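Now for the letters of each chain:
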Amino acid sequence: MNKMITFNRIPMIIKSALIVLLALLLLCAFPFRTMAANEVEYDEPIEGYIDEPYDGDSMWLRETPGGTAIEQLSAGTLVSVTGHGYDKYNYKWYHITFDGKSGYVNYKYVVLLTDEDTLFESQIADFPDYYKNKLRQIHLMYPHYVFQADFVDTPFTTVISAQYQMERKVEMSNYNSLKAMVKSNYNWETGKWIASEGNWTVASYETVAYYLDPRNFLDTECIYQFMKQSNSDDQTIAGVRKIIAGTFMENPYTPVEGDEDDQSLGGDYAAVIMKAAEVANVSPYVLASTIVQEQGADGSPLTSGTYKGYEGYYNFYNWAASGTTNEDVIKNGLEYAKKRGWNTIYKAIVDGASLYASGYLNNNQDTYYYKDFNVLNGVSQYKHYYASSVYDAYESGKRLKKVFENNKELSLVFRIPVYTDIRDKLYTCPPLNDKRNNYYFMEMSGELSPAFTMYTKKYSLSVSGDTTIYYKVPEGASMTGSKTFELEKGTNTVKVWAKSETGYKNSYTITVTASKACTLTFVEGEEPDVTPARKNGDVNGDGKVSALDYVAIKNHIMKTKVITDPENLKAADVNGDGKISSLDYVRVKNIIMGKN
């Protein structure tokens, strides 16, 4: 008779083993995060984000509190904090989850979101993640700043090309790597740069792209180029004095006698700027910064009131101050001031501010960025801008930092462009060196249409078989990428690339029509001489052996007319014995008569 073995009859040691085995099976079937003895799991996750590192530390996600590093964390990453634990030194570590990952991070690197932070997160919800991470860092220092996303649907490369074609400027003293080698900017024969307006050269495509990409300037030093420029009650005369400290406007000027407006403020530049801001509804900090940017710390002939022929006239914002020389710039600017009646400092600053507001702020250009890069819809898109300097907005924005950095309570508004077609690629600053952006082909052989020139980038070509194109590039440059292209019968598009000393590349496109499948090859160097070899006996080089050659050899032998040209002498030595004799004379005669 079979007996049923019950659990109660199993020895205790076996019971214990079965219980442990059952527990292990349950753990495998129903996995969960194991809680360490010194760890607390929260009832509800707390939202937060990774803080900016400090003291040279790196932020790492780790398997356990203070344990093995899994991956490095990026500042601004939004995370959920599900609990905390402690390492062997009793330091606190948060357990976090994000993007399907989990682990531990030192608590000092996590900013937990308050109700106010949650409101901020909703405010920046429209921004791409890369923007959000940067804006969170600014929010930590300036919790009342407001950020607005301006979406620009125009492809970013189109915007770059439009600004580049306008020949935005950099100072002559800057590195060659920032300069364009376009026809108006560089003389290839002399190897020298061509400066305009005294000290400026054209910025390279890559330099323009860097200053156009807003993502490069999302920090507490550069963010002010995106600040809305309408007047603000929070901006004070004390802030204006900070901006003009150390400049020609720090000390008072002498007002014009009889002009009540000019005399009313006692020659105080800061007070005049505050008045201009009130009249034009423009930020006084922006006006002060703009004047310093345009005139420099020491001022210029445009603000001296003493320039010969234009005594008593002023132009603080450089309106209409342009030309090919410094003298032209000054005269044109002061001539404009004279037409506007700016015969006092008060008038020049106040009326100039009103002109600034009507010309820019009312044209949807109410930030330094939009003022210099008119990328939104408005009058003369792209072409209507305040300064040709490619980094004017950057420099102007930086100047505002010193009046804002210690005031955490201001509620400034920032309009930040978001180009909808750019994602991961960041247009970084070119390396600062004297290498050149010489990414051009200097010469290219073949029956190209139009005829090849280095600044023309599109061509057409017809081929009937295997074809070789010979090319030259500037010293220090090279052709990069494929140099051999297999063509199909019909229309083919071939793109070839020139690489500059700076490492940047530039493409040329050739539309090739092939009558049959064949190969197109690019070879560096001179096209070889394809002149056919001279026939023996063709003394005069006309491509045939005739009586003229017969007579030439006869006259040479008789010394009535000696052949001196080396090529002609070689052709006259028909039998190749190194001399011209009657044997050559007879041979030419036989060739003419059709005999061997």
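Residues numbered from 1 in each chain as written. Predicted model: local features only at pLDDT ≥ 70, side-chain atom pairs only at ≥ 80, totals over all residues. Heavy atoms only, no water.

Colleague: Help me get a handle on the overall build of the protein, residues and values and all.
Modeller: Check the secondary structure of the protein and you find 17 helices and 21 strands. Taking 596 residues into account, the globule formula puts the C-alpha radius of gyration at 25 Å, and the protein, at 39 Å, lies well above it. For the protein, the spread of C-alpha atoms along the principal axes amounts to about 130 × 125 × 40 Å. Scored against the burial criterion, the 596 residues of the protein give a buried share of 43%. Considering only residue pairs separated by 6 or more positions, the protein has 66% of its internal contacts joining residues 24 or more positions apart. Accessible area for the protein stands at about 31,200 Å²; split by element, carbon and sulfur atoms hold 51% of it. Taking the average location of the 60 positive side-chain charges in the protein and that of its 74 negative ones, the two points are 9 Å from each other. (Helix = DSSP H or I, 4+ residues; strand = E, 2+ residues; numbered from the N terminus. Rg over C-alpha atoms; globule rule 2.2 N^0.38 Å. Buried < 20%, exposed > 50% of the residue type's maximum accessible area, 1.4 Å probe, protein only. Contact = heavy atoms within 4.5 Å. Areas by Shrake-Rupley, 256 points an atom, 1.4 Å probe, with all protein chains shown as cover. Lys, Arg positive; Asp, Glu negative; His and termini not counted. Charge placed at Lys NZ, Arg CZ, Asp CG, Glu CD.)

Colleague: Describe in detail the environment of Pro143, supporting the description with residues and values.
Modeller: Of note, Pro143 is situated in the loop between helix H3 (129-141) and strand E8 (146-152). Among residues more than four places away in sequence, those in contact with Pro143 are Glu116 and Lys408.

Colleague: Just give me the short version of the confidence of the model for the protein, but keep the residues and values in it.
Modeller: Here the protein shows a mean pLDDT of 87. Residues at 70 or above account for 91%. Throughout residues 23-33 the model reports pLDDT below 50, and contacts reaching past four residues in sequence, or to other chains, amount to six contacts. (pLDDT = per-residue confidence, 0-100.)

Colleague: So what about the side chain of Glu121? Which residues, and what values?
Modeller: Within the fold, Glu121 resides in helix H2 (residues 115-123). According to the relative accessible area criterion, Glu121 is buried, its value standing at 13%. Among the polar contacts made by the side chain of Glu121, one reaches the side chain of Arg136 at a distance of 2.8 Å. Not counting the four nearest positions on each side in its chain, Glu121 is found in contact with Tyr49, Leu78, Leu113 and Arg136. (Polar contact = N/O pair within 3.5 Å; in protein donor to acceptor, adjacent residues only side chain to side chain.)

Colleague: Any details on the state of the cysteines? Residues and values, ideally.
Modeller: Under the counting rule described, the total for this entry stands at zero disulfides. In this model Cys429 remains outside any disulfide bridge; the closest cysteine sulfur is found in Cys222, 11 Å from its own. (Disulfide = S-S within 2.5 Å.)

Colleague: Give me the packing of aromatic side chains: which residues, what numbers.
Modeller: Scanning the model with the defined rule gives 46 aromatic pairs in all. Centre to centre, the rings of Phe441 and Tyr471 are 5.5 Å apart; their planes meet at 90°, and the pair counts as edge-to-face. Here the residue Phe441 occupies a position in the loop between strand E13 (413-419) and strand E14 (443-444), and Tyr471 occupies one in strand E16 (residues 467-472), the gap between them amounting to 30 residues. Comparing Phe441 with Tyr471, the two get one shared label, buried. A connected cluster of aromatic rings, assembled from ring pairs, spans Phe120, Tyr142, Tyr145, Phe147, Tyr224, Tyr285, Phe404 and Phe414. Directly above the ring of Trp193 sits Lys179, whose terminal nitrogen or CZ lies 4.9 Å from the centroid. (Phe/Tyr/Trp six-rings, centres within 6.5 Å; stacked < 30°, edge-to-face > 60°. Lys NZ or Arg CZ within 6 Å of the ring centre and 35° of its normal.)

Colleague: Outline helix H11 (residues 326-340), supporting the account with residue identities and numerical values.
Modeller: Taking 1.5 Å as the rise per residue, H11 with 15 residues should run 21 Å; its terminal C-alpha atoms sit 21 Å apart, in good agreement. Here H11 has its buried residues at Val329, Ile330, Gly333, Leu334 and Ala337. Projected down its long axis, H11 shows its buried positions confined to an angular sector of 110°, all on one face. A positive phi of about 75° marks Gly341, the residue just after H11. (Expected span 1.5 Å × (residues − 1). Arc of directions from axis to C-beta.)

Colleague: Tell me about the pairing of strand E20 (residues 505-514), residues and numbers included.
Modeller: Among the ten residues in E20, seven count as buried, and that is most of the element. Here strand E15 (residues 458-463) runs beside E20; their pairing, made up of six bridges, is parallel. Looking across to E20, one finds that Val463 is bridged to Ala514. Looking at chain direction, strand E19 (residues 490-499) and E20 are connected through ten bridges and run antiparallel. Bridge pairing links Val494 to Ile510 in E20. Two successive antiparallel strands, E19 and E20, enclose a turn made up of five residues, where Gly503 displays a positive phi of approximately 100°. (Pairing = 2+ DSSP bridges.)

Colleague: Give a detailed account of the pairing of strand E4 (residues 78-86), specifying residues and quantitative values.
Modeller: Counting buried positions along E4 yields seven of nine residues, so the element is predominantly enclosed. Where strand E1 (residues 40-50) and E4 come together, six bridges link them in antiparallel fashion. Across the sheet, Ile46 pairs through a bridge with Val81, a residue of E4. Sheet topology note: the E4/strand E5 (residues 92-98) ladder contains six bridges and is antiparallel. Its bridge partner being in E5, Tyr86 is matched across the sheet by Lys92. Counted between consecutive antiparallel strands, the loop separating E4 from E5 contains five residues, among which Asn90 sits at a positive phi close to 70°.

Colleague: How would you summarise the nonpolar core if you had to cite specific residues and measurements?
Modeller: Formed by 124 residues in total, the largest nonpolar core has its most connected members in Phe147 and Phe522. The dominant element in this core, judged by the number of residues it contributes, is helix H12 (residues 345-359), at nine residues. Apart from the residues lying within four places of it in its own chain, the contact partners of Phe147 are Phe120, Gln123, Ile124, Phe127, Leu135, Ile138, Ile223, Phe414 and Ile416. If you look at the next biggest cluster of nonpolar residues, it comprises twelve residues, including Phe98, Val105, Tyr109 and Val110. (Core = buried A, V, L, I, M, F, W, Y, C linked by side-chain atoms within 4.5 Å.)

Colleague: Describe unusual backbone geometry, with residues and values.
Modeller: Cis rather than trans, the peptide bond between Ser449 and Pro450 has omega equal to -5°. The backbone of Asp99 sits at a positive phi, close to 50°, despite the residue not being glycine. Take Asp99: it is sitting in the loop between E5 and strand E6 (101-106).

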